[in-house]
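One letter stands for each residue in the lines below.
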Amino acid sequence: MADDLKVAGFKSSELIASLGSAFESYSPAEKTSQIKKTNGVFEIVVKKPQGPSPAAQEATWTIDLKKAGTVIKGKAPPGTKADVTITMDDETFVDLASGKLNGQKAFMTGKLKTKGNIMLATKLDGVLKGTKAKL
């Protein structure tokens, strides 16, 4: 399952795969608690420059912490709508996940852009820290 989440060339895909594994290892009670605490669907769009050309490659993952407690590669499936879309580059996501950068600072400096429920976006730091502790 975790390998299904990987996208070649993106450092962040390893972290997303770890997040997926952490969610899979949650007990039903832990998963319910995380869903209750977060109550939202994140669409994470990670961009990466493509060599010398200015065109960027893009990878998208959806973290459902509203109903399913899962991570999938791609946009939210039909019937599920992202509450917030968070767009950033590969390095920024890696720094966020490792704790080198916090989400608010990334947002204020323009490294992270959001569309939708910005208050929910602030919960991403907690989700990443919570699953990091689980690994």
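The preceding data block contains the structure.
Figured I'd write up the structure that's included with this text. (Residues numbered from 1 in each chain as written. Predicted model: local features only at pLDDT ≥ 70, side-chain atom pairs only at ≥ 80, totals over all residues. Heavy atoms only, no water.)

Per the secondary structure count, the chain includes 6 helices and 5 strands. Element order for the chain, N to C, with α for helix and β for strand: α-α-β-β-β-β-α-α-β-α-α. Taken against the 2.2 N^0.38 rule, which gives 14 Å for 135 residues, the C-alpha radius of gyration of the chain at 14 Å falls within 12% of a compact globule. Each principal axis of the C-alpha atoms in the chain carries an extent, and together these give about 50 × 30 × 30 Å. The buried share of the chain, taken over its 135 residues, is 41%. Looking at the chain alone, contacts between residues at least 24 apart form 64% of all its contacts between residues at least 6 apart. Carbon and sulfur atoms make up 57% of the accessible area of the chain, which amounts to about 7400 Å² in all. Across the chain, the mean location of the 21 positive side-chain charges is 5 Å away from that of the 14 negative side-chain charges. (Helix = DSSP H or I, 4+ residues; strand = E, 2+ residues; numbered from the N terminus. Rg over C-alpha atoms; globule rule 2.2 N^0.38 Å. Buried < 20%, exposed > 50% of the residue type's maximum accessible area, 1.4 Å probe, protein only. Contact = heavy atoms within 4.5 Å. Areas by Shrake-Rupley, 256 points an atom, 1.4 Å probe, with all protein chains shown as cover. Lys, Arg positive; Asp, Glu negative; His and termini not counted. Charge placed at Lys NZ, Arg CZ, Asp CG, Glu CD.)

Of all the residues in helix H2 (residues 28-38), the buried ones are Gln34, Ile35 and Thr38. Looking down the long axis of H2, one finds its buried residues gathered within 100° of arc, a one-sided arrangement. Opposite the packed face of H2, turned more than 90 degrees from it, sit the exposed residues Pro28, Ala29, Lys36 and Lys37. Positive backbone phi, approximately 50°, marks Asn39, located one or two places after H2. (Arc of directions from axis to C-beta.)

Let's shift gears to the pattern of salt bridges. The tally for this structure, following the rule as stated, stands at 5 salt bridges. Between Lys75 and Glu43 there is a salt bridge, with the nearest N and O atoms lying 3.4 Å from each other. A residue pair is termed long-range when its members are at least 10 positions apart, and Lys75 in the loop between strand E3 (70-73) and strand E4 (84-89) and Glu43 in strand E1 (residues 40-50) qualify at 32 residues. Residue classification places Lys75 among the exposed positions, given a relative accessible area of 57%. (Salt bridge = Lys/Arg side-chain N within 4 Å of Asp/Glu carboxyl O.)

Under the criterion given, the structure shown has 2 aromatic pairs. Pairing Phe10 with Trp61 gives two aromatic rings, centres 6.5 Å apart and planes at 85°, and the pair type is edge-to-face. Placement of the pair is Phe10 in the segment before helix H1 (11-25) and Trp61 in strand E2 (residues 53-65), with a sequence separation of 51 residues. In this pair, the class of Phe10 matches that of Trp61, namely buried. Lying across the ring of Phe10, Lys48 places its NZ or CZ 5.6 Å from the centre. (Phe/Tyr/Trp six-rings, centres within 6.5 Å; stacked < 30°, edge-to-face > 60°. Lys NZ or Arg CZ within 6 Å of the ring centre and 35° of its normal.)

This part covers the layout of surface pockets. Roughly 220 Å³ of internal volume is contained in the largest pocket. In terms of lining residues, the largest pocket is bounded by 13 residues, among which Gly103, Gln104, Phe107, Ala121 and Thr122 are the most central. Elements that contribute at least two residues to the lining of the largest pocket include exactly helix H4 (103-108), strand E5 (112-116), helix H5 (118-121) and helix H6 (124-134). It is H4 that provides the largest number of residues to the lining of the largest pocket, a total of 4 residues. Grouping the amino acids of the lining of the largest pocket by side-chain chemistry returns 8 nonpolar, 4 polar and 1 charged. (1 Å grid on protein atoms, 1.4 Å probe; cavity = no way out; pocket = protein on both sides within 12 Å on 5 of 7 lines; lining within 4 Å. Points joined across faces, edges and corners; volume = space filled by probe spheres on them. Nonpolar A, V, L, I, M, F, W, Y, C, P; charged D, E, K, R; others polar.)

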